[in-house]
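Structure assessment
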Amino acid sequence: MEELDGEPTVTLIPGVNSKKHQMCFDWGPGEMLVCETSFNKKEKSEMVPSCPFIYIIRKDVDVYSQVLRKLFNESHGIFVGLQRIEEELTGKSRKSQLVRVSKNYRSVIRACMEEMHQVAIAAKDPASGRQFSSQVSILSAMELIWNLCEILFIEVAPAGPLLLHLLDWVRLHVCEVDSLSADVLGSENPSKHESFWNLVTILVLQGRLDEARQMLSKEADTSPASAGMCRIMGELMRTMPILSPGNTQTLTELELKWQHWHEECERYLQDCTFASNPHLESLCKIMLGDEAALLEQKELLSNWYHFLVTRLLYSNPTVKPIDLQYYAQSSLDLFLGGESSPEPLDNILMAAFEFDIHQVIKECSIALSNWWFVAHLTDLLDHCKLLQSHNLYFGSNMREFLLLEYASGLFAHPSLWQLGVDYFDYCPELGRVSLELHIERIPLNTEQKALKVLRICEQRQMTEQVRSICKILAMKAVRNNRLGSALSWSIRAKDAAFATLVSDRFLRDYCERGCFSDLDLIDNLGPAMMLSDRLTFLGKYREFHRVYGEKRFADAASLLLSLMTSQIAPRSFWMTLLTDALPLLEQKQVIFSAEQTYELMQCLEDLTSGRPVHGGPDTQQCQDDDIETTKVEMLRLALARNLARAIVREGSLEGS
């Protein structure tokens, strides 16, 4: 089992004294409930907890940020698109497609960072402003790391183009120069501005030599004494050889030209050409790659990786990827100078320069507050075939493990859980099992949300989850006395027991009100009525009423009798069925035959012989018994009269 890199961070809960009082907790999929307990082995006198609150501790608080929701939503589309085009990624187009996907991810990070920056500026509460500014810093670091990984692992830039990519990387992430340039150029006399030479120096440090030459031309125009030196420096900047994207020259040719140019710079420095102007002399030393001169500009470089790229630009522009780690380590050591220790960001960037992908992911997992970054970066690197050999000790590969963690965090949010479904879908080993476990915990607050969850389960043939959701919705509908909805959900769940329960409620309502509710549903049950005997009875009983209403008395009589004799009618409902037979028995035309009448008589006798005898002076019970007795007498009279009429009629038919 892998060991922890360090002690886990301690989360302090306000008002809770864990040294004096014992804690109890309960884990959830995305959060934990914590509270004090009165249980204490040492001190039994104090039985009441000093902190009467229950705390909810969430592990992924970032999912509740309104701005970061944009990051989650936008990146979800990119992620799903990448999984779908996997089969199309072949040959030379594969690399360009993966680079394009990586740039799309970075553009989403940058958009969120800019929006978060605006929110931080507009924040009225200082604490909120600091929190948003902290998020801006985190998003900036995320893009910085992602961009470097894109250059080293996805672009896989060779010697020559590698430095061009690193220059673009530094220019993108050390962008104070643009605001400084606007200040200087916006002044009346730019060359006399207090930050003029700082601007020129930063431009040189970033390899933006054309812009630096333009600034020097302004100095030459306003200061005739230094005009000659500015022109020489401008010419050195113009002639510096660098491999441009469309250039066809070989690395050997570039190295020869660069060596010649470097010797020319050194000659000017030794000849003391710039001795009378310390600023130009310092620029010349920087262009020679002099480490001491570069370190003098620490404040302008601002960080060690800027120092690294500038150092490479002016000392080894054709650096090979394999040598980057040595330059990176020495640059970090020189820049920090033993005065401070590396930050987590420094360790992550160093791991990237060492081409240690797994260490990059590991350090990011520890340093960042959520799983979004490592999950998406690992997935992209996995598509680059860079993580195929790395399986975790508990059975899943790194990509799947991180995606599962990220998706679990999304399921803790009331609406982002829908994004998590797709992440589980693209985890072949444990994704389906995880989805089943998480989807059962989604609170079905509204029917609309329940239908979304149900649709997701049905699309994935998750039969048990479909049944469970339908049962929950059926129960809610019954509690709200929405019997039609309850019956519909129980049929959809194929739950015979619950369908029987709801059917009984329908029949009870009919007995109390004398009519059915939700007739459209009952009339169109179709094959679904076969789910349970009681549901079949409900459907057929409603059909009896419909046939009777259409004055098809013979059909109605046959259907009523079949309901009585087939034993699917609940015994408690027999009296209602027999009472429904009264109007048919009293028709002028004989509806029931003699045989059918005998069967009805038998049902009546079975019902009356099985009725319990009540004792005691219960007035209500006596009244009910009187009513039942009256009904039985009426039925017996009607059945006897109908039997006589049926025998006469059948005898007449036989005689004729």
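Provided above is the structure to which this section pertains.
Residues numbered from 1 in each chain as written. Predicted model: local features only at pLDDT ≥ 70, side-chain atom pairs only at ≥ 80, totals over all residues. Heavy atoms only, no water.

1. With respect to the nonpolar core
Counting 186 residues, the largest nonpolar core has W169, W304, F353, W372 and F373 as its most contacted members. When near neighbours in sequence (up to four residues on either side) are disregarded, W372 contacts L71, F72, S75, Y105, I109, M142, W146 and Y406. (Core = buried A, V, L, I, M, F, W, Y, C linked by side-chain atoms within 4.5 Å. Buried < 20%, exposed > 50% of the residue type's maximum accessible area, 1.4 Å probe, protein only. Contact = heavy atoms within 4.5 Å.)

2. Some remarks on unusual backbone geometry
Within the chain, C272 stands out as a residue other than glycine whose phi angle is a positive 60°. For C272, the position within the fold is in the loop between α9 (251–270) and α10 (278–287). Of note in the backbone geometry, F355 takes a positive phi value of approximately 60° without being a glycine. Summarising the element assignment, F355 is placed in the loop between α15 (344–353) and α16 (357–367). Of the residues examined, F355 reaches a relative accessible area of 33% and is grouped as partly exposed. (Helix = DSSP H or I, 4+ residues; strand = E, 2+ residues; numbered from the N terminus.)

3. Describing the packing of helix α3 (residues 126–155) against helix α4 (residues 161–173)
Between α3 and α4, the least distance of the axes is 11 Å, while the angle of their chain directions is 170°. The angle between the axes of α3 and α4 places the two elements in the roughly antiparallel class. Contacts from S140, E143, L144, N147, L148, I151, L152 and E155 in α3 reach L162, H165, L166, W169, L172 and H173 in α4. Its residues placed into classes, the contact of α3 with α4 shows eight nonpolar, four polar and two charged. (Axes fitted to C-alpha atoms, helices over the stretch in contact; angles between N-to-C directions. Parallel < 35°, antiparallel > 145°, perpendicular 65-115°, else oblique. Nonpolar A, V, L, I, M, F, W, Y, C, P; charged D, E, K, R; others polar.)

4. Quick word on helix α28 (residues 574–585)
Note on helix geometry: an α-helix contains 3.6 residues per turn, so any two residues three or four positions apart are oriented the same way. With twelve residues, α28 extends 16 Å between its outermost C-alpha atoms, agreeing within 8% with the 16 Å of an ideal straight helix rising 1.5 Å per residue. Along α28, ten of the twelve residues are buried, which leaves the element largely enclosed by surrounding structure. Turning to α28, its buried residues number three or more, namely W574, M575, T576, L577, L578, D580, A581, L582, L584 and L585. (Expected span 1.5 Å × (residues − 1).)

5. A few points about the environment of K257
Here K257 shows up in helix α9. In this structure the C-alpha to C-alpha distance between K257 and M240, which are 17 residues apart in sequence, comes to 8.5 Å.

6. Some details on the packing of aromatic side chains
Aromatic ring pairs are described here by two measures, namely the spacing of the ring centres and the angle between the planes. Counting across every chain of the model gives 19 aromatic pairs. Note on Y105 and W372: the rings are 6.4 Å apart at their centroids and 80° apart in plane angle, and the pair reads as edge-to-face. Of the two residues, Y105 is situated in helix α2 (residues 91–122) and W372 in helix α17 (residues 372–383); the sequence distance between them amounts to 267 residues. In this pair, the class of Y105 matches that of W372, namely buried. Between F411 and W417, the ring centres sit 6.2 Å apart and the planes meet at 50°, which makes this aromatic pair tilted. Looking at K298, its charged tip hangs above the ring of F335, at a distance of 5.4 Å from the centre. (Phe/Tyr/Trp six-rings, centres within 6.5 Å; stacked < 30°, edge-to-face > 60°. Lys NZ or Arg CZ within 6 Å of the ring centre and 35° of its normal.)

7. Section: the packing of helix α6 (residues 196–205) against α10
Packing of α6 against α10 leaves a shortest axis separation of 10 Å and a crossing angle of 10°. Our classification of the angle between α6 and α10 gives roughly parallel. Residues W197, V200, T201, V204 and L205 of α6 form the contact with α10, whose own contacting residues are H279, L280, L283, I286 and M287. Taken together, the residues that form the contact of α6 with α10 break down as eight nonpolar, two polar and no charged.

8. Considering the pattern of salt bridges
Applying the stated criterion across every chain yields a total of 15 salt bridges. The salt bridge partner of E150 is R106, with a shortest N-O separation of 2.9 Å. Of the two residues, E150 is situated in helix α3 and R106 in helix α2; the sequence distance between them amounts to 44 residues. A salt bridge links R460 to D425; the shortest N-O distance between them is 2.6 Å. Placement of the pair is R460 in the loop between α21 (447–459) and α22 (463–479) and D425 in helix α19 (residues 417–425), with a sequence separation of 35 residues. Take R460: its relative accessible area is 17%, and that puts it in the buried class. (Salt bridge = Lys/Arg side-chain N within 4 Å of Asp/Glu carboxyl O.)

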